[in-house]
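Close look at the chain arrangement
Below are the chains, spelled out letter by letter.
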Amino acid sequence: MSDIQSIVIVGGGTAGWLAACYLQRTLGAARHAPLPITLVELPAVGTLGTEEATVPTLRGTMQALGLPETALFTDADATLTNGIRFNGWRCGGPAPDDSYDHPFDVPMPFHGFATTAHWLNLRQRGLTQQPMAQACTVQTTLFDGHLSPKLMDSPDYQAPVSYGYHLDAAKLAMLLQQTALARGVRHVPGRVARVQRGEAGIESVELSDGRRIEGSFFVDCTGSQSLLLQQALGVPWVSYAGWLPCDRAVSMPVAYAREHEPLRSFTTATAQAAGWTWEMDLQSRRGTGHVYASRFCSDDEAVHVLRQAQGTHRPLAEPRLQVLRVGHAARVWEQNCLALGAAGGFMEPLESTGLYAVEWMLKLFVDHVAPAGDSSGCRARVNRLCADHFEELRDFIVAHYALSQRRDTPFWRAATEAVLPPRLAELLALWDTKVPTPTDLDRRLSMFGTPDWTFILAGLHRLPSRGIGLSGHISPEISLKALAHVKGIRQQASQQSPTMRDYLRSLQGTVVREPARAGRLMN
Ligand SMILES: Cc1cc2nc3c(=O)[nH]c(=O)nc-3n(C[C@H](O)[C@H](O)[C@H](O)COP(=O)(O)OP(=O)(O)OC[C@H]3O[C@@H](n4cnc5c(N)ncnc54)[C@H](O)[C@@H]3O)c2cc1C
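The text that follows walks through the structure, step by step, so that each part is easy to find. (Residues numbered from 1 in each chain as written. Predicted model: local features only at pLDDT ≥ 70, side-chain atom pairs only at ≥ 80, totals over all residues.)

In this structure, His111 takes a positive phi of about 55° despite not being glycine. Along the polypeptide, His111 turns up in the loop between strand S7 (109-110) and strand S8 (113-114). What makes His111 partly exposed here is the crowd of 14 C-beta atoms within 10 Å. If you check the backbone angles, His461 has positive phi at about 55° while not being a glycine. In this structure, His461 sits in the loop between helix H14 (450-459) and helix H15 (476-496). Under the C-beta neighbour-count criterion, His461 is labelled partly exposed, with 13 such atoms within 10 Å. (Helix = DSSP H or I, 4+ residues; strand = E, 2+ residues; numbered from the N terminus. Buried ≥ 20, exposed ≤ 12 C-beta atoms within 10 Å, placed from the backbone.)

In structure tokens form, the structure reads like this:
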């Protein structure tokens, strides 16, 4: 029980509706009487929702909300993703020479060591030329075969390997909205025109038609304008623009070229002259977009680059331009207001961390809602942990640029020559002399651990040639067996796993959307 008597959420994007479901399920359920939750949002303009990729954590969150996984397939156009394939990030060369994978699964252990240790042992002895992600993980074989991480009979939210989703964000928000409304959340369509402040923070919000909505706690989910936390309470923004120069994005879905075009079970991030383009396959269409730095690329050029990347696939909508504000609020929780989603912090979507940050912050907040009384200690701790969490995410994203050998355009020269955040500089210097081990990451808040860092370092050819620690004592024969073991499981996995399309087809009756074909606009 806390001193929160009622919650008003402003904003109904994915952050707002996820917050409504989560807070109803957690804080609401912890009370004897229902906790009144109201969500106010500017009614959505009926446009095509954007395609988004998620990391695996969404599975646990959806499960905690009591939603069946099939709802994502039927209602949010979802497919499954095994991870991210990065093209052209090392030297700008054509894939597959310059391509590496960041799968969600961690390398499996063998004989007391992670297979990465075995791979390093062999690599440093000149006994393997295989890329790390192929030698050490089963999951990358699923990338190549367009295979589903789930088997036909895998239970909800489970699979032999970890996985995330590609989905329609607007449809996910709608699914969460229906869930929240069915569980008693009040929905007020309308525009918040004014915010009334008192001594304890926000007292009420006033809509443009004069209606006033009061609450004891407010959640700001108004996106990058941050109406409550920044505009009303004056909390400053900590910008990461000095480290992450990409400040704009253009997105445009395309139709599949033919009805049964294989669905890729991975997200693609291809480095471009002034940023990078993404591709992700939903059931009905392929989402594509271009994240770029306006300092080095005009909007027209950015659209042109995206059109080139789409190849012959036909666009299904006009290009949608968005300004990206990377960074986070100096304090995400101020007085009686918490900011989530783009209002609280935003990172370019290179590692699909947008929704994940909302999930993470919701869990942290609920863990720290103090019983009635002074909550300042909890608030300070949440603010500190969130700032640290965003810093960790930032450093992980910055490393993708900083470790590149590309110097071919002004953007890449700027991205690779920029002064690094101090903690990242320290880590990269360390990893020039030794391979990453879990004790290197003294703060480990984000989901990205040493296996994730190792995939990026290995993919960009930045693992040291010495310093493999204990693994140097493993006999090469054992390490050869380890890699042979992984190879065997990869073969099994590629025989047993259905293609992404076949998996979705197996859900026929419940699922499966008609793929959009050239010329047909989605609604
Ligand atoms: C180009 C791009 C690609 C992305 N890709 C990914 C991805 O692959 N994976 C991922 O996890 N995340 C991704 N993200 C992040 C993700 O889209 C969002 O940032 C995140 O989901 C949070 O959105 P939001 O709900 O905070 O904000 P928004 O979706 O902007 O929602 C803001 C809400 O506030 C409401 N509002 C605004 N003003 C008022 C007002 N005055 N009164 C009432 N209501 C108001 C609006 O109606 C709206 O409902 C991407 C973001 C961008 C820009």
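Structurally, Pro109 can be placed in strand S7. A count of 13 C-beta atoms within 10 Å places Pro109 in the partly exposed class. C-alpha of Pro109 to C-alpha of Ala482: the two residues are 373 residues apart in sequence and 8.6 Å apart in space.

Buried residues dominate strand S5 (residues 83-87), accounting for five of its five residues. Examined bridge by bridge, S5 and strand S6 (residues 99-103) share five bridges and lie antiparallel to one another. For Phe86, the partnering residue across the bridge sits in S6 and is Tyr100. Pairing analysis gives four bridges linking S5 to strand S17 (residues 267-272), with the strands arranged parallel. For Ile84, the partnering residue across the bridge sits in S17 and is Thr267. (Pairing = 2+ DSSP bridges.)

This paragraph deals with the site of the ligand. Close to the ligand lie 33 residues; Gly11, Gly13, Gly223, Gly341 and Gly354 are nearest. Among the secondary structure elements, those contributing two or more residues to the shell around the ligand are helix H1 (14-28), strand S2 (37-41), strand S3 (51-53), strand S16 (248-251) and helix H10 (354-368). Among the elements that line the shell around the ligand, the one with the most residues is H1, at three residues. Class assignment for the residues of the shell around the ligand results in 16 nonpolar, 14 polar and three charged. (Near = placed C-beta within 6 Å. Nonpolar A, V, L, I, M, F, W, Y, C, P; charged D, E, K, R; others polar.)

Quick look at the sheet that holds strand S10 (residues 186-189) now. Sheets are built from strands that pair by backbone hydrogen bonding, the pairs being arranged parallel or antiparallel. Here we have six strands laid out as an open sheet, ordered S10-S2-S1-S14-S23-S22, and mixed in their pairing. Bordering the open sheet on either side are S10 and strand S22 (333-334), each of which pairs with just one other strand.

Turning next to the packing of helix H11 (residues 376-402) against helix H13 (residues 422-430). Between H11 and H13, the shortest axis-to-axis distance is 10 Å and the interhelical angle comes to 55°. In terms of their interaxial angle, H11 and H13 are classed as oblique. Handedness of the H11/H13 crossing: right-handed. Between H11 and H13, the residues in contact are Asp395, Val398, Ala399 and Ala402 and Arg423, Leu424 and Leu428, respectively. Class assignment of the residues belonging to the contact of H11 with H13 gives a composition of five nonpolar, no polar and two charged. (Axes fitted to C-alpha atoms, helices over the stretch in contact; angles between N-to-C directions. Parallel < 35°, antiparallel > 145°, perpendicular 65-115°, else oblique. Left-handed = near helix turned anticlockwise from the far one by under 90°. Contact = placed C-beta atoms within 7 Å.)

Any functional reading would require information beyond the geometric quantities listed.
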